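# Fold and contact review
One-letter residues, chain by chain:
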Amino acid sequence: IDLVADYNKLTQYENYWSHMSEDAKDLNLLTPDDIQTITSVVKALLSKVDVAKNLGTVNPIATLRDKMNEVYSTLENRDDWKDILSISLITISFEDLPYSLNCCDGVEEFAEVWNRLLFHSKLWEKVRPRISQDDRYAYVIKTHNDIPNDRGIIERHDRSKVPYELVNPSQKIDVWAFGVLLFALCGGGSLFPLGFEDDLNDTEAFEQLYGWDRLRAEKKVRAKVDDPLAQDLLLQVLVPESERLPNMEVVLAHPFFGPSSSDEAQRILEKHEEEQLILEETVLVKRMTTDTRRVVDNAMEKQCKIIFNEKKIVVPTCLIVLPYELERGDGENLTIGTETDLGLAVRTGQYLLNINKATARLSFWLMMKRSFGSDKNHASQFKTKMKGWLKRIRTEKSDVVAKDIVTSIGCGSEYTKLCVELLEHGDSTSHAKAYLKDPMAAARQDIFESIDALVKCYSSQYFYLVDEFYGVPVRSEESIDFGEGEAKVYPIRVDPNSGIFQNLFLTFMNLAVMKLTAGVGLPALARLLGLPRPYGVPASWKESVPGLVHSRNKPSSIAEFAVLHEVIRRQSQQGGKSNGDEMRQLEDFLRDKDPMRTFADLRRVSDGKENCTAMWTTEAEVRRIQSELEVASLEYKLRELKKEWVQKQKIQSQITTLTKQVHALKSGGVVNSNGNGVEHPRPSRNKGRNGPGKTKSFEDTPMNGNGQKSTLKDGKDDTEQSASNQKRKKMRKRQKPKFRPYFGVC
């Protein structure tokens, strides 16, 4: 609970548990020895009273004394249970007990109240608010909505009683409890700091639990648990509820509870080993230049984590499959060697751009369809707008109309060129109707027409990894002995009949195209396909420029690809060729084809921060990045100084504003609503104008209570009253006693 913004919520919470807090306060008035003594005496009294009732005696206290002669020999003359308690407590009497106890009339009532105090005090210690050290936040415990009514139905609770929604019981809560127990068994300690009663120890523990997420769970589990299978299970259990395994059946089906020789267990163990290797082999660069930082922040690894919901990626993901093999040219980059391959590269690039444009068109029409909304009136109004736009095309320029359309549907200005193309297209009306009716179906048709044409170009397939900094394919320069003779790993020859190209590689290829063209446009695609530098950008590609709506500064690249990925996966699933686990398939492919993890001599570069991303680049580029450490440090200092300068300007502006406000209040002025200016009260129109013997003009006449001008008689009375006030002031001034100077000093 934010105590600054919502302090009433804390009051509401305390009022809800007030019955427990009051009982806890009553019990805290007693010492631990008193509590132990009363508990023992009450237990003995109840047992003896039960015996007396069973014997049918009329006076249970007398029977109690007979049965307790040895223990309470000094109480022979006592005939009241209150006296027994008073003598047992020694230091205090029964009347000194809290009111909730000394108002009881019988032993059984006293015992019932005493047990209630003990229970409520213990429970209040669990649910009482914990206040942070800065007094900014209060941490409280939520409760379950599991109390049925008279009919046995759990109704929705009254929100006015507690400042939160009650938690509905679920199996995921049991899964969390099991995870806490498993962590203690495998890690040798508790997940959070605990006290003697196994409750959270202090406010810091509550803060940890409140801010618990997957990143903290991963850090804690990997630091305390060594078993890779236990780590994998705990990171699916000790996570936020939305990411947690649904029930114990799924938990017990995990390889942790089975033989380590199973396929799934071996996959987990292999990935764990690869994670350790990749951490050891990663080049850490704490300070990077602005250009390098921009590439790392937009690396393929970051986008794949989001798209495929992967937490750890252990292989390069920026790749390209080409229908030809590249050769080492005059420069350092690989290029196309023959004219035939050059024409093949132009067609390949065209089909990839067509897929990209179809994806952008799909996104545009999805936003257009959302603009219609579910409300019929809103949809009718938007249709009227569309008719107006179509009419305007006949008389106005397409770019002007396109800007209005893009603004109306709420998409970015990067869609303007695409909208212009759609407006100027010959069959735009039929195309628009098809996309409005079913955008996914229309886009799927366009995308897979391009995919079918693209696949026909790949009579041969060569798998290349890509240097992410320059966006160029790389190959192995050294041969490796695999037992059957030495050979270079990259490029990897892929069987065209395996279907892996369209079911797996094309997904990553489209993402690479979107990521690279988001920076420099079509020249990036030319480098990716190995086109010679003098050849430039093919003229046929320029028609696809409207589809390049992806930008480094916006997450549209990831969003667009997510839509494309969903379309491709749906179509693949219908054909029964994909299970939707692309990252696992890519890892298995590289384990099989590159068991030594050479990755074409690419190195992983990262800044080493938590949950950081990384890019894959060449050894030469790594040395260049490391050599720019001094430049990166200066750029870092420059950024920090700019931040300080902006902060100082804000502080200076606040100082100026507050100074004006203070000056206005001291001088009797009024601060403007904007806090920047000062308005002084207007002086009376009569002040300094009408001296003695002068008559007020009609304009200087004051207003009466009804907002009308007063008469001249009223003005005369006001003049006399003012003179009388001045006379009284002079009299008070004359009557003021005179003191010697040193009295003023005192």
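Residues numbered from 1 in each chain as written. Predicted model: local features only at pLDDT ≥ 70, side-chain atom pairs only at ≥ 80, totals over all residues. Heavy atoms only, no water.

## Considerations on the overall build of the protein
- The helix and strand inventory of the protein stands at 29 helices and 15 strands.
- Put simply, the protein has 746 residues, and 39% of those count as buried.
- Put simply, 64% of the contacts in the protein that link residues at least 6 apart link residues at least 24 apart.
- Per element, the accessible surface of the protein, about 44,000 Å² overall, is 51% carbon and sulfur. (Helix = DSSP H or I, 4+ residues; strand = E, 2+ residues; numbered from the N terminus. Buried < 20%, exposed > 50% of the residue type's maximum accessible area, 1.4 Å probe, protein only. Contact = heavy atoms within 4.5 Å. Areas by Shrake-Rupley, 256 points an atom, 1.4 Å probe, with all protein chains shown as cover.)

## A closer look at the packing of helix α15 (residues 300–307) against helix α22 (residues 500–520)
- Running from N to C, α15 and α22 point in directions that differ by 125°, and their axes come no closer than 11 Å. When the axis of α15 is compared with that of α22, the two are oblique. Two packed elements cross with a definite hand, and for α15 against α22 that hand is right-handed. For the pair α15 and α22, the contacting residues are Met300, Gln303, Cys304 and Ile307 in the first and Phe508, Leu511, Ala512 and Lys515 in the second.
- Of the residues belonging to the contact of α15 with α22, the class tally is six nonpolar, one polar and one charged. (Axes fitted to C-alpha atoms, helices over the stretch in contact; angles between N-to-C directions. Parallel < 35°, antiparallel > 145°, perpendicular 65-115°, else oblique. Left-handed = near helix turned anticlockwise from the far one by under 90°. Nonpolar A, V, L, I, M, F, W, Y, C, P; charged D, E, K, R; others polar.)

## As for the layout of surface pockets
- A volume near 1,600 Å³ is recorded for the largest pocket.
- Around the largest pocket, the lining is made up of 38 residues, and of these Val140, Ile141, Lys142, Trp176 and Leu209 lie nearest the centre.
- If you list the elements that add at least two residues to the lining of the largest pocket, you get α7 (107–127), β2 (138–139), α8 (171–187) and α9 (203–210). (1 Å grid on protein atoms, 1.4 Å probe; cavity = no way out; pocket = protein on both sides within 12 Å on 5 of 7 lines; lining within 4 Å. Points joined across faces, edges and corners; volume = space filled by probe spheres on them.)

## Thoughts on helix α25 (residues 582–593)
- Between its first and last C-alpha, α25 extends 16 Å over 12 residues, near the 16 Å set by a 1.5 Å rise per residue.
- Every buried residue of α25 is accounted for by Glu582, Met583, Leu586, Glu587, Phe589, Leu590 and Arg591. (Expected span 1.5 Å × (residues − 1).)

## A closer look at the packing of α8 against helix α10 (residues 214–224)
- Viewed as axis vectors pointing N to C, α8 and α10 meet at an angle of 35°, and their least axial separation amounts to 9 Å. Contact residues: α8 offers Phe183, Cys186 and Gly187, while α10 offers Lys220, Val221 and Lys224.
- When grouped by side-chain class, the residues that make up the contact of α8 with α10 number three nonpolar, one polar and two charged.

## Here's the deal with the pairing of strand β4 (residues 319–322)
- Of the two faces of β4, the one lined by Leu319 and Val321 and the one lined by Ile320 and Leu322 are each fully buried.
- As paired strands, β4 and strand β7 (residues 461–467) are joined by four bridges and run antiparallel to one another. Each bridged residue has a counterpart across the sheet, and for Leu319 the counterpart in β7 is Leu465. (Pairing = 2+ DSSP bridges.)

## Observations concerning the environment of Thr338
- In this structure, Thr338 sits in the loop between β6 (334–335) and α16 (339–372).
- Classification of Thr338 by relative accessible area gives partly exposed; the value is 39%.
- Distance from Thr338 to Leu326, taken between C-alpha atoms, is 9.5 Å for residues 12 residues apart in sequence.

## Brief notes about the nonpolar core
- Formed by 67 residues in total, the largest nonpolar core has its most connected members in Phe463, Tyr490, Phe505, Met509 and Trp541.
- Residue contacts for Phe505: discarding those within four places in its chain leaves Leu319, Val321, Phe463, Val494, Ile500, Leu586 and Phe589.
- The next biggest cluster of nonpolar side chains, apart from the first, holds 22 residues, and it includes Phe183, Leu191, Trp212 and Leu233. (Core = buried A, V, L, I, M, F, W, Y, C linked by side-chain atoms within 4.5 Å.)

## Considering a positive patch on the surface
- Side chains of Arg287, Lys609, Lys637 and Arg639 sit close together on the surface and give a patch of like positive charge.
- Within the element layout of this structure, Lys609 appears in the loop between β12 (603–606) and β13 (615–617).
- Look at Lys609 and you get exposed, because its relative accessible area is 54%. (Patch = residues over 30% accessible without salt bridge, like charges linked within 9 Å, V, L, I, M, F, W, Y side chains within 5 Å. Salt bridge = Lys/Arg side-chain N within 4 Å of Asp/Glu carboxyl O. Lys, Arg positive; Asp, Glu negative; His and termini not counted. Charge placed at Lys NZ, Arg CZ, Asp CG, Glu CD.)

## Description of the pattern of salt bridges
- Summed over the entire model, instances satisfying the criterion amount to 33 salt bridges.
- As a salt-bridge pair, Arg591 and Glu270 come within 3.7 Å of each other at their nearest N and O atoms. On the criterion of sequence distance, the pair formed by Arg591 in helix α25 and Glu270 in helix α13 (residues 263–281) is long-range, its members being 321 residues apart.
- The class of Arg591 is buried, set by a relative accessible area of 18%.
- According to the relative accessible area criterion, Glu270 is partly exposed, its value standing at 37%.
- Note that Glu301 is salt-bridged to Arg604, the shortest N-O span being 2.8 Å.

## Observations concerning the environment of Phe599
- Counting through the fold element by element, Phe599 comes out in the loop between α25 and β12.
- A relative accessible area of 3% means that Phe599 is categorised as buried.
- When neighbours within four sequence positions are excluded, Phe599 is seen to be in contact with Val314, Val315, Pro316, Leu465, Tyr490, Leu590, Asp594 and Trp616.

## Observations concerning the side chain of Ser121
- With respect to the element layout, Ser121 can be found in helix α7.
- Other than its neighbours up to four places away in sequence, Ser121 contacts Ala24 and Leu27.

## Structural notes on unusual backbone geometry
- The residue after Tyr490, namely Pro491, is reached through a cis peptide bond having omega 5°.
- Assignment of secondary structure puts Pro491 in the loop between β10 (486–487) and β11 (492–494).
- Phi at Ile90 is positive, roughly 70°, even though this residue is not glycine.
- Here Ile90 falls in the exposed class, since its relative accessible area comes to 73%.

## Points about the state of the cysteines
- What the rule picks out here adds up to zero disulfides.
- Just so you know, Cys318 is unpaired, no disulfide at all, and the nearest cysteine sulfur is the one on Cys304, 8.9 Å from it.
- Judged by its relative accessible area of 2%, Cys318 falls in the buried class. (Disulfide = S-S within 2.5 Å.)

## Some remarks on the pairing of β12
- Summarising the sheet, strand β3 (residues 283–284) and β12 pair through two bridges and their orientation is parallel. Note on β12: the bridge partner recorded for Val283 is Val605.
- With three bridges joining them, β12 and β13 adopt antiparallel strand pairing. When the bridges of β13 are listed, Arg604 appears paired with Trp616.

## Points about α7
- For α7, built from 21 residues, the straight-helix expectation of 30 Å at 1.5 Å per residue is met to within 8% by its first-to-last C-alpha distance of 30 Å.
- What α7 keeps buried is the set Val107, Phe110, Ala111, Val113, Trp114, Leu117, His120, Ser121, Trp124 and Val127.

## Observations concerning the side chain of Ser450
- Note on placement: Ser450 falls in helix α21 (residues 439–456).
- Taking the relative accessible area as the measure of exposure, Ser450 reaches 10% and is therefore buried.
- Discounting chain neighbours no more than four positions away, the residues touching Ser450 are Tyr351, Asn354 and Ile355.

## Focus: the sheet that holds β13
- Strand order in the open sheet formed by three strands is β3-β12-β13, and the pairing between neighbours is mixed. Of all strands in the sheet, those with a lone pairing partner are β3 and β13, marking the two edges.

## Let's talk about the packing of aromatic side chains
- This model, assessed by the stated rule, comprises 19 aromatic pairs.
- Considering the side-chain rings of Phe192 and Trp212, the 5.1 Å spacing of their centres and the 65° angle between planes classify their relative orientation as edge-to-face. Remark: Trp212 occurs in the loop between α9 and α10 and Phe192 occurs in the loop between α8 and α9; sequence separation between them is 20 residues. Across the pair, exposure class does not vary: Phe192 and Trp212 are buried alike.
- Ring geometry for Phe505 versus Phe589: centroids 5.1 Å apart, planes at 75°, classification edge-to-face. Taken together, the positions of Phe505 in helix α22 and Phe589 in helix α25 put the pair 84 residues apart, joining distant regions of the chain.
- Among the aromatic residues, those joined into a cluster by ring pairs are Tyr13, Tyr16, Trp17 and Tyr164. (Phe/Tyr/Trp six-rings, centres within 6.5 Å; stacked < 30°, edge-to-face > 60°.)

Everything listed here is a matter of coordinates, which is why it stays silent on function.
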